[in-house]
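Residues per chain are reported as follows:
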Amino acid sequence: GSKASVLAHFTRLENFRPLEEGKVTANLLTGNSVVRHTLDVPVRPGIFRFELQPETTGEGLIRFEIEWPGGSEIIEAGRVMVFDDPHAAVHHAEDLAEHIPGAVVFTKEQSWKIRFATEGVRRREFGPVIKTVGEVLPARGDALTLTAQTNGMVRFSEGNLFEGDLIAAGQALLTVTGGSLAEGNVALRLQEAQRRFERSRADYERLSELAQDQLVSEREVLQARQEYHDAMAAYDLLRTGFTPQGQSLQSSLGGRITRIYVEEGEYVEMGQPLLVVSRNQDLVIRAEVQQRYASLLSGLSSAMIRLADGRMVSLEELGGRVLSVARNIHPGSRLLPVHLQINRTEGLVPGGLVDVYLKATASKPVLVLPNSALIEEQGNYFVFVQLHPESFVKREVRIGQSDGLLTEIKYGLEEGERIVTRGAAMVKMAASSGDIDPHSGHVH
């Protein structure tokens with residue numbers, strides 16, 4: 001016969017944000033009696049205040065019916081008792097009150113103001129992990145090194161070239177010219193090859209005409225033809241890659257210049273590398289591990305990689321795969337090389353170093369938590385376990401291996417318990433402040 005105020009908070013679990021719009025109906029079911037109150041707007045984001053006036057005494061049930069744009073849900077809020085005596089109700093509530101030493105109150109309104117999330121503890125396939133460092137390299141066939149085909153001076157074709165410049169396939173990049181060099185002068189070599197070609201062609205044509213009148217032997221004609229073909233091949237080779245100004249270098253790949261080894265006007269020798277062009281479509285990560293992990297390498301199934309911005313991504317997210325696992329020690333590093341192939345990704349640059357967590361095949365499911373749930377204090381690790389929607393307790397755990405994103409829990413938690421996975425540091429601060437009203441946000 002008396003009105004009771006019920007203050008309820010609603011959180012969208014996909015993003016742990018308050019329910020800000022929608023229609024919510026509170027139902028009190030006692031025996032055959034049903035009392036309802038519907039609200040179209042909250043008193044504050046996520047907070048709804050209902051007025052329910054019970055009609056009968058006894059045990060009842062509170063049920064919420066929620067409708068919002070794009071969905072609906074029914075929540076059973078639990079059993080309640082309806083009394084005909086206010087004093088009996090108060091004493092019953094005091095008997096039900098549970099005091100948990102060390103419990104931290106962190107209200108919903110506090111959690112809505114930060115990046116906050118909770119998650120149930122569960123078992124997952126989680127095998128041995130090898131943490132190491134990998135070097136990012138261009139994939140084979142994805143990079144092209146241009147080398148000098150002659151001795152000479154370097155002249156850039158497009159003004160100055162810089163590492164990072166975007167170029168097109170077939171674009172002229174630089175010229176190696178002999179200039180005033182006495183030896184290795186490309187222009188002189190080209191002229192000599194042209195004169196030899198023209199002379200051998202004339203000799204071959206003259207002897208071919210004389211052979212028709214049987215004035216020269218067939219052997220002389222064959223010898224002249226061979227010399228003509230040799231001279232033509234040499235001349236074609238030179239004039240294809242060379243001009244009177246020198247060797248003209250073009251890239252058969254379109255991409256970016258990733259390395260320049262020479263400067264404008266620098267003297268180079270034949271075979272010397274000049275620059276590198278990379279398409280940057282595929283990359284290879286070369287990681288090296290210690291010999292004691294050799295038995296795990298045959299079971300490598302995946303890897304986690306930390307990008308330059310700190311994000312952890314899996315090998316599968318990068319469209320990659322385990323490319324090769326060496327069975328022998330590299331003589332230079334005395335370690336075992338492992339190569340991972342991945343797609344081009346922002347944050348991964350050839351020549352850079354990244355943290356790599358190599359994951360072997362799991363033998364059995366184990367309890368794991370996101371790394372963001374762990375709080376470290378002087379070498380010990382803790383998590384906040386959720387007892388009630390706004391009540392948490394700090395608990396020590398013993399950790400096992402980590403893949404950079406998830407960590408194995410060996411002791412301290414049971415499957416099904418719910419823990420804070422995002423915002424644990426703020427809950428810790430709330431526990432340390434000691435000035436939080438444990439009754440804030442509630443109606444008694």
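What you see as residue numbers is a count from 1 along each chain, following the sequence as written. A pLDDT threshold of at least 70 governs which residues receive local features in this predicted model, and a stricter bar of 80 or more applies before side-chain atom pairs are shown or counted, although totals over entire chains, interfaces and linings include all residues. Values shown for side chains rest on all heavy atoms present in the structure; no hydrogens or waters enter the calculation.

**A closer look at the layout of surface pockets**
Picture a little ball the size of a water molecule; that probe, rolled over the atoms, points out where space is still empty.
Alright, step 1. Grid spacing is 1 Å over the protein atoms alone, the probe is 1.4 Å, and a cavity is where that probe fits but cannot get out, while a pocket is an open set with protein on both sides within 12 Å along at least five of seven lines and lining residues have an atom within 4 Å of a point. Grid points are joined across faces, edges and corners, and a volume is the space filled by probe spheres set on the points. Roughly 320 Å³ of volume is contained in the second largest pocket.
Alright, step 2. Lining the second largest pocket are 19 residues, with Pro138, Thr258, Arg259, Val276 and Pro350 positioned closest to its centre.
Alright, step 3. Per the convention used, a helix needs a DSSP run of H or I reaching at least four residues, while a strand needs a run of E reaching at least two, with both numbered from the N terminus. Among the secondary structure elements, those contributing two or more residues to the lining of the second largest pocket are strand E12 (129–138), strand E13 (143–147), strand E19 (255–260) and strand E21 (273–278).
Alright, step 4. Three categories are distinguished: nonpolar for Ala, Val, Leu, Ile, Met, Phe, Trp, Tyr, Cys and Pro, charged for Asp, Glu, Lys and Arg, and polar for the others, with Gly belonging to the last. Of the residues contributing to the lining of the second largest pocket, the split by class is 9 nonpolar, 6 polar and 4 charged.

**Brief notes about the packing of aromatic side chains**
Alright, step 1. Stacked, edge-to-face and tilted labels apply to pairs of Phe, Tyr and Trp rings (six-membered ring for Trp) whose centres lie within 6.5 Å, assigned for plane angles under 30 degrees, over 60, and everything in between, in that order. One pass over the structure, following the stated rule, counts 9 aromatic pairs.
Alright, step 2. Pairing Phe50 with Phe64 gives two aromatic rings, centres 5.6 Å apart and planes at 40°, and the pair type is tilted. Here Phe50 is found in strand E6 (residues 47–52), whereas its partner Phe64 is found in strand E7 (residues 58–68), with 14 residues between them in sequence. Note on accessibility: Phe50 and Phe64 belong to one class, buried.
Alright, step 3. These aromatic residues form a ring-pair network of at least three members: Phe10, Phe48, Phe50 and Phe64.
Alright, step 4. To sit over a ring, a charge needs its Lys NZ or Arg CZ within 6 Å of the ring centre and within 35 degrees of the ring normal. One cation-aromatic arrangement involves Lys394 over Phe382; the distance from NZ or CZ to the ring centre is 4.6 Å. Each residue gets one of three labels from its accessible area relative to the maximum for its type: buried under 20%, exposed over 50%, partly exposed in between, using a 1.4 Å probe on protein chains only.

**Overview of the side chain of Glu390**
Alright, step 1. Tracing the backbone shows Glu390 in the loop between strand E30 (380–388) and strand E31 (391–402).
Alright, step 2. Charge assignment: positive for Lys and Arg, negative for Asp and Glu; neither His nor the chain ends contribute. Whenever a carboxyl oxygen of Asp or Glu lies within 4 Å of a side-chain nitrogen of Lys or Arg, that contact is scored as a salt bridge. One buried charge, Glu390, has no salt-bridge partner; the nearest side chain with opposite charge is Lys108, at 6.7 Å.

**What to know about the side chain of Ser314**
Alright, step 1. Secondary-structure assignment places Ser314 in strand E24 (residues 312–314).
Alright, step 2. Apart from the residues lying within four places of it in its own chain, the contact partners of Ser314 are Ala303 and Met304. Contacts: residue pairs with any heavy atoms within 4.5 Å of one another.

**Let's talk about the pairing of E19**
Alright, step 1. The rule for pairing is simple: two strands pair if DSSP sees at least two bridges between them. Looking at chain direction, strand E15 (residues 166–167) and E19 are connected through 2 bridges and run antiparallel. In the strand pairing of E19, Leu166 is matched with Arg256.
Alright, step 2. Direction of pairing for E19 relative to E21: antiparallel, over a ladder of 4 bridges. Its bridge partner lying in E21, Arg259 is registered against Val276.

**Concerning the pattern of salt bridges**
Alright, step 1. Under the criterion given, the structure shown has 14 salt bridges.
Alright, step 2. Of the charged contacts, one joins Arg395 and Glu417 as a salt bridge, the two residues approaching to 2.9 Å between their closest N and O atoms. On the criterion of sequence distance, the pair formed by Arg395 in strand E31 and Glu417 in the loop between strand E32 (406–411) and strand E33 (418–422) is long-range, its members being 22 residues apart.
Alright, step 3. According to the relative accessible area criterion, Glu417 is partly exposed, its value standing at 22%.
Alright, step 4. Counted as one network, the salt bridges with shared partners bring together Glu377, Lys394 and Lys428.

**Regarding helix H6 (residues 424–433)**
Alright, step 1. Taken residue by residue, H6 has Ala424, Val427 and Ala430 as its buried positions. For H6, the angular spread of buried residues about the axis comes to 115°, placing them on one side. Set apart from the buried face of H6 by more than 90 degrees, the exposed residues are Met429 and Ser432.
Alright, step 2. In this structure, the buried side of H6 is in contact with strand E9 (104–105), strand E29 (375–377), E30, E31 and E33. Here, the arc refers to the directions that run from the helix axis to the C-beta atoms.

**Some details on the sheet that holds E13**
Alright, step 1. The 4 strands lie next to each other as E13-E21-E19-E15, forming an open sheet whose pairing is antiparallel. The sheet is open, and its two edges are formed by E13 and E15, each paired on a single side.

**Observations concerning unusual backbone geometry**
Alright, step 1. The backbone of Phe16 shows a phi angle near 55°, a positive value even though the residue is not glycine.
Alright, step 2. For Phe16, the location among the structural elements is in the loop between strand E2 (11–12) and strand E3 (17–18).
Alright, step 3. A positive phi is found at Gln378, a non-glycine position, where the angle reads about 55°.
Alright, step 4. Note that Gln378 resides in the loop between E29 and E30.
Alright, step 5. Given a relative accessible area of 83%, Gln378 falls into the exposed group.

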